[in-house]
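This is what each chain is made of:
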Amino acid sequence: MTSSPSGASTEPDPTTGAIDPKTLSLSAASGVGDGGPGFTPDTPGSWADLPPNVRGAVWMLVSALAFTIMGVFIKITGQNLHAFQIAFFRCLFGLLALTPFIARMGPEILRPSRPGLHLIRLFIGTTAMFSLFYAVTHLPFAMVIAISFARPLFMLVLAAVILGEHVGWRRGLATGVGFCGVLIVLRPDPAHMEWVALAPAFSALLIACAMTIVAILSRKDKPLTILTWFAVGSSLLTLGPAIYVWQWPDPWLFAALLLVGGFGSLGQFMAVKAFGSAEASAVGPFEFSQILFAGITGFLIFDEVPDIWTFVGSVVIVGSALYILWRETRLKKEARKPV
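Residues numbered from 1 in each chain as written. Predicted model: local features only at pLDDT ≥ 70, side-chain atom pairs only at ≥ 80, totals over all residues. Heavy atoms only, no water.

Peer 1: I would appreciate a short explanation of the overall build of the chain in the present structure.
Peer 2: On a plain count of helices and strands, the chain comes out with 14 helices and zero strands. Along the chain, helices (α) and strands (β) appear in the sequence α-α-α-α-α-α-α-α-α-α-α-α-α-α when read from the amino end. Split into buried and exposed, the 339 residues of the chain put 53% on the buried side. Across the chain, every contact between residues at least 6 apart in sequence was considered, and the portion connecting residues at least 24 apart equals 85%. Total accessible area on the chain is roughly 15000 Å²; 69% of this is exposed by carbon and sulfur atoms. (Helix = DSSP H or I, 4+ residues; strand = E, 2+ residues; numbered from the N terminus. Buried < 20%, exposed > 50% of the residue type's maximum accessible area, 1.4 Å probe, protein only. Contact = heavy atoms within 4.5 Å. Areas by Shrake-Rupley, 256 points an atom, 1.4 Å probe, with all protein chains shown as cover.)

Laid out in structure tokens, this is it:
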């Protein structure tokens, strides 16, 4: 449930309301200091002596684990609460976490260059969140996470169609193979397919659309402006559907909802640390550990055993996404070579 590993986006993850860490400048997000408010340098000592890519890999593994735990609590709360209500609490707690940053920056941070485009992105991102949360509460955990990693595949297509970016035949072929992996997981045979399985694929498509819009918005707006508009807007937008299905959570469920917000914020923070301290090509592949964590937690907590098709499809999706990441990294290195 983190950012796309393709390196082609600057998108806030609709499920967390946070900016894609690969392109987020921590100082730019807040406009203060080297790491922005709330971010501190690594503690000196043996940890700081490790190579940056090693530290980044550790941060990314912790991020993947945090997002997995967030998903576990989404699935647990989904046994008693509607996905609309879970999404509302996730947005609300995300907004509360942003409040100190917004207060520090003042009203200027709330003035976007293109309000209409922000609103379009808000509706798309919120719908993606609803779809993803619904999928997590109704489908095997590992299946949802595997399909959600189709985001960079959709993004590559949209980057070519909407942003006019050049996509060579190798990356195009890898994208096609990746979509075949999605079909393997979905098994689109009416006799066997669960149609609810389309929810995570729909969410992945919408997230890719939101990523494309934010890539346009980020040309003029600060990351914190984009982040704040989504946090405030999604809290308001999810309130209505949440009220429609509202039931007061008992203290245990409320604590679980707090953990959804807490682990979501922790996962995003760890991802920011990962991409802020290492090369994206080095730490990006470790994001896929979330599929492994999801399989393990799904088995231990929910007695879910991923079938062979989920495993095969996951391998195909991950393999194609890793190839795209490697290809883009290589092209960037070639572009930096002196002529």
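That shown, we press on.
Peer 1: How do you make sense of the confidence of the model for the chain when you look at a structure like this?
Peer 2: Close reading of the predicted structure is inappropriate where its pLDDT is low. Summary statistics for the chain give a mean pLDDT of 76 and a share of 79% for residues scoring 70 or more. Of all the helices and strands in the chain, helix α1 (residues 26-30) carries the lowest mean pLDDT, 37, while helix α5 (residues 115-138) carries the highest, 91. (pLDDT = per-residue confidence, 0-100.)

Peer 1: Looking at this model, I keep getting lost on unusual backbone geometry. Mind explaining?
Peer 2: Trans is the common state for peptide bonds, and a negative phi is the common state for residues other than glycine. Here the phi dihedral of Asp-303 falls at roughly 60°; this positive angle occurs in a residue that is not glycine. Its place among the elements puts Asp-303 in the loop between α13 (289-302) and α14 (308-336). Residue classification places Asp-303 among the exposed residues on the basis of a relative accessible area of 65%.

Peer 1: Whenever I open this one, helix α8 (residues 169-186) confuses me. Can you help?
Peer 2: Three or four residues apart is the spacing at which side chains of an α-helix point the same way, because the helix has 3.6 residues per turn. In a regular helix each residue adds 1.5 Å, so 18 residues correspond to 26 Å; α8 covers 26 Å between its end C-alpha atoms and thus fits that length. Those residues of α8 that sit buried are Arg-171, Ala-174, Thr-175, Gly-178, Gly-181, Val-182, Val-185 and Leu-186. Mapping the buried residues of α8 onto a view down its axis gives an arc of 135°, with all of them on the same face. Structural note: α8 exposes Trp-169 and Leu-173 on the side pointing more than 90 degrees away from its buried face. The positive-phi residue at the C-terminal boundary of α8 is Arg-187, with phi of around 50°. (Expected span 1.5 Å × (residues − 1). Arc of directions from axis to C-beta.)

Peer 1: How should the packing of helix α4 (residues 83-105) against α5 be read in this particular structure?
Peer 2: What describes two packed helices is the angle between their axes and the distance between those same axes. α5 packs onto α4 with a crossing angle of 120° between their chain directions and a minimal axis gap of 9 Å. Looking at the two axes, α4 sits oblique to α5. Crossing angle aside, the handedness with which α4 passes α5 is right-handed. Seen from α4, the contacting residues are Ala-83, Phe-84, Ile-86, Ala-87, Arg-90 and Cys-91; seen from α5, they are Met-129, Phe-130, Phe-133, Tyr-134 and Thr-137. Of the residues contributing to the contact of α4 with α5, the split by class is nine nonpolar, one polar and one charged. (Axes fitted to C-alpha atoms, helices over the stretch in contact; angles between N-to-C directions. Parallel < 35°, antiparallel > 145°, perpendicular 65-115°, else oblique. Left-handed = near helix turned anticlockwise from the far one by under 90°. Nonpolar A, V, L, I, M, F, W, Y, C, P; charged D, E, K, R; others polar.)

Peer 1: How should helix α7 (residues 151-161) be read in this particular structure?
Peer 2: Counting buried residues in α7 gives eight out of eleven residues, a clear majority hidden from the surface. Those residues of α7 not exposed but buried are Arg-151, Pro-152, Leu-153, Phe-154, Met-155, Leu-156, Leu-158 and Ala-159.

Peer 1: Help me understand the side chain of Ser-131 in this model?
Peer 2: By secondary structure assignment, the location of Ser-131 is in helix α5. If we ignore the near neighbours within four places in the chain, the residues touching Ser-131 are Ala-199, Phe-202 and Ser-203.

Peer 1: Help me out: how do you make sense of the pattern of salt bridges in this one?
Peer 2: Any two side chains of opposite charge can pair, so long as their charged atoms come close to each other. For the structure on display, the rule yields one salt bridge. The salt bridge involving Lys-75 is made with Glu-304; its shortest N-O contact spans 3.4 Å. On the criterion of sequence distance, the pair formed by Lys-75 in helix α3 (residues 52-77) and Glu-304 in the loop between α13 and α14 is long-range, its members being 229 residues apart. (Salt bridge = Lys/Arg side-chain N within 4 Å of Asp/Glu carboxyl O.)

Peer 1: Teacher, can you tell me more about the environment of Arg-90 here?
Peer 2: Looking at the secondary structure, you find Arg-90 in helix α4. C-alpha separation for the pair Arg-90 and Ser-234, spaced 144 residues apart in sequence, amounts to 9.6 Å.

Peer 1: Even after reading the chapter, I still don't get the environment of Val-214, so can you show me in this structure?
Peer 2: Following the sequence through the fold, Val-214 ends up in helix α9 (residues 198-217). Overall, the relative accessible area of 0% leaves Val-214 in the buried class. Sequence separation between Val-214 and Ile-226 is twelve residues; the distance between their C-alpha atoms is 7.7 Å.

Peer 1: I keep staring at the nonpolar core and nothing clicks. Help me out?
Peer 2: The tendency in soluble globular proteins is for nonpolar side chains to be buried as a group. Formed by 70 residues in total, the largest nonpolar core has its most connected members in Ile-74, Phe-133 and Ile-147. Sorting elements by how many residues they give to this core places α9 first, with twelve residues. Setting aside its immediate chain neighbours within four residues, Ile-74 contacts Ile-86, Phe-133, Val-136, Thr-137 and Val-260. (Core = buried A, V, L, I, M, F, W, Y, C linked by side-chain atoms within 4.5 Å.)

Peer 1: I'm lost on the packing of aromatic side chains in this one. Help?
Peer 2: What characterises a pair of aromatic rings is the spacing of the ring centres plus the angle enclosed by the ring planes. Tallying each qualifying case throughout the model produces nine aromatic pairs. Relative to Phe-254, the ring of Phe-89 lies with its centre 6.0 Å away and its plane at 90°, an arrangement referred to as edge-to-face. Residue Phe-89 is located in helix α4, and its partner Phe-254 is located in helix α11 (residues 251-277); the two are separated by 165 residues in the primary sequence. Residue classification places Phe-254 among the partly exposed residues on the basis of a relative accessible area of 34%. Geometry around Phe-302 places Lys-75 over its ring, the cationic atom sitting 5.6 Å from the centre. (Phe/Tyr/Trp six-rings, centres within 6.5 Å; stacked < 30°, edge-to-face > 60°. Lys NZ or Arg CZ within 6 Å of the ring centre and 35° of its normal.)

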